[in-house]
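# Topology and contacts: notes
If you want the building blocks of each chain, they are given just below.
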Amino acid sequence: MMSGTGDKPESPNLLISAIWMLVHAIFTWIEQLLRLLQRCRKILSNQRWSANVTAVYWLEQSQHFVRKELQHVTKIPQHLVILLGPEMPDYRHLAKFIFWSHAAGIDYVSFYDHNGTIKQNHEKIRRCVGDVLPDGTGGIVWSPHQADQTSGRTTVTFLSPEDGKQGLVVLSRSIGESVRRRDLTLSEVSIEFLDNRIQASRNNLPDPDLAVYFGDICSTYGLLPWQIRLTEFMQLERSLRDCSELHFVNCLLKYAKCEQRLGT
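Source: prediction; values computed, not measured. (Residues numbered from 1 in each chain as written. Predicted model: local features only at pLDDT ≥ 70, side-chain atom pairs only at ≥ 80, totals over all residues. Heavy atoms only, no water.)

## Quick word on the packing of helix α3 (residues 91-104) against helix α5 (residues 122-132)
Close contact between α3 and α5 brings their axes to 9 Å; oriented N to C, the two are set at 65°. Relative to α5, the element α3 is oriented roughly perpendicular. The element α3 and its partner α5 pack so that their crossing is right-handed. Contact residues: α3 offers Tyr 91, Arg 92, Leu 94, Ala 95, Ile 98 and Phe 99, while α5 offers Lys 124, Ile 125, Cys 128, Val 129, Asp 131 and Val 132. Within the contact of α3 with α5, the residues separate by chemical class into nine nonpolar, no polar and three charged. (Axes fitted to C-alpha atoms, helices over the stretch in contact; angles between N-to-C directions. Helix = DSSP H or I, 4+ residues; strand = E, 2+ residues; numbered from the N terminus. Parallel < 35°, antiparallel > 145°, perpendicular 65-115°, else oblique. Left-handed = near helix turned anticlockwise from the far one by under 90°. Contact = heavy atoms within 4.5 Å. Nonpolar A, V, L, I, M, F, W, Y, C, P; charged D, E, K, R; others polar.)

## Quick notes on the nonpolar core
One finds Ile 82, Phe 97, Phe 111, Ile 125 and Phe 248 to be the most contacted residues of the largest nonpolar core, which totals 39 residues. Tallying contributions element by element places α3 first for this core, with nine residues. With residues up to four places along the chain from it excluded, the contact list for Ile 82 reads Leu 94, Phe 97, Val 109, Ser 110, Phe 111, Tyr 112, Val 212 and Phe 214. Grouped together as the second largest cluster of nonpolar side chains are 11 residues, Ala 211, Tyr 213, Leu 223 and Leu 224 included. (Core = buried A, V, L, I, M, F, W, Y, C linked by side-chain atoms within 4.5 Å. Buried < 20%, exposed > 50% of the residue type's maximum accessible area, 1.4 Å probe, protein only.)

## Overview of the packing of aromatic side chains
Per the counting criterion, the structure on display carries six aromatic pairs. Measuring from ring centre to ring centre gives 6.1 Å for Phe 97 and Phe 214, while their planes differ by 70°; the resulting arrangement is edge-to-face. Here Phe 97 is found in helix α3, whereas its partner Phe 214 is found in the loop between β5 (210-213) and β6 (232-235), with 117 residues between them in sequence. With a relative accessible area of 12%, Phe 214 lands in the buried category. (Phe/Tyr/Trp six-rings, centres within 6.5 Å; stacked < 30°, edge-to-face > 60°.)

## What to know about a nonpolar patch on the surface
A surface patch of nonpolar side chains, about 770 Å² in accessible area, is lined by Leu 22, Ile 26, Trp 29, Ile 30, Leu 33, Leu 34, Leu 36 and Leu 37. With respect to the helices and strands, the residue Leu 36 is situated in helix α2 (residues 10-70). (Patch = residues over 30% accessible without salt bridge, like charges linked within 9 Å, V, L, I, M, F, W, Y side chains within 5 Å. Areas by Shrake-Rupley, 256 points an atom, 1.4 Å probe, with all protein chains shown as cover. Salt bridge = Lys/Arg side-chain N within 4 Å of Asp/Glu carboxyl O.)

## Concerning the pattern of salt bridges
Following the criterion strictly, the structure yields two salt bridges and no others. Note that Asp 90 is salt-bridged to Arg 241, the shortest N-O span being 2.8 Å. Residue Asp 90 is located in the loop between β1 (79-84) and α3, and its partner Arg 241 is located in the loop between β6 and α8 (245-256); the two are separated by 151 residues in the primary sequence. Overall, the relative accessible area of 13% leaves Asp 90 in the buried class. By relative accessible area, Arg 241 is classed as exposed at 60%. For the salt bridge of Arg 92 with Asp 131, the shortest nitrogen-to-oxygen distance reads 3.5 Å. Here Asp 131 lies in helix α5 and Arg 92 lies in helix α3, a separation of 39 residues in the sequence.

As structure tokens, this is what we get:
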């Protein structure tokens, strides 16, 4: 009896000990989890830093290669258009053309696809460039609204079918309305007049000198029908992802040898 009565007070002590051990185990597990998370965060941070260093190194090397190969070339396009057909945009690869164009001394580089996808998602290209140049623009001007003619800078624009045939339709209607209101006479409508109006509508963006495309099909896909009268169209590679700075340089070297015969 006394033995049984003496054992009763030990039960609460055992329960408290069990609870304390459980709490201790939980806190120990949480502490280990926090340490693991800190290690993972540090590893990811180091990986991002390493990836950024690699990207910056690639940028410096590729731009150095482009400058070196084109240093004696006197004919460089002022306005280059990257023309995408049925291929889906790869924004990281498209961003490379901005770096290469800047290294080549090209003043304007534009991106165009017949669905207007690139123009709608132009922020993705900007982010890809920002990943490599987080602390500055590196001489790159983002200008969906106005062109920048500052020396040593490359202005990036984004084009869509709205800037092509649809833009001509809008301009034609505007001119027709001006003639109907007698604000403009038919004798004033000339090639030079249309050129000036179209340039003004595109914020004085110059006509493309060179348009590059991928794949075996050479098509304008509705690219600026009025402004490409003198544009050279050249194939780069079978796909966007296969293109490198070497292909880019070879294309510009080929363009430099082209002779345009406009007739008399």
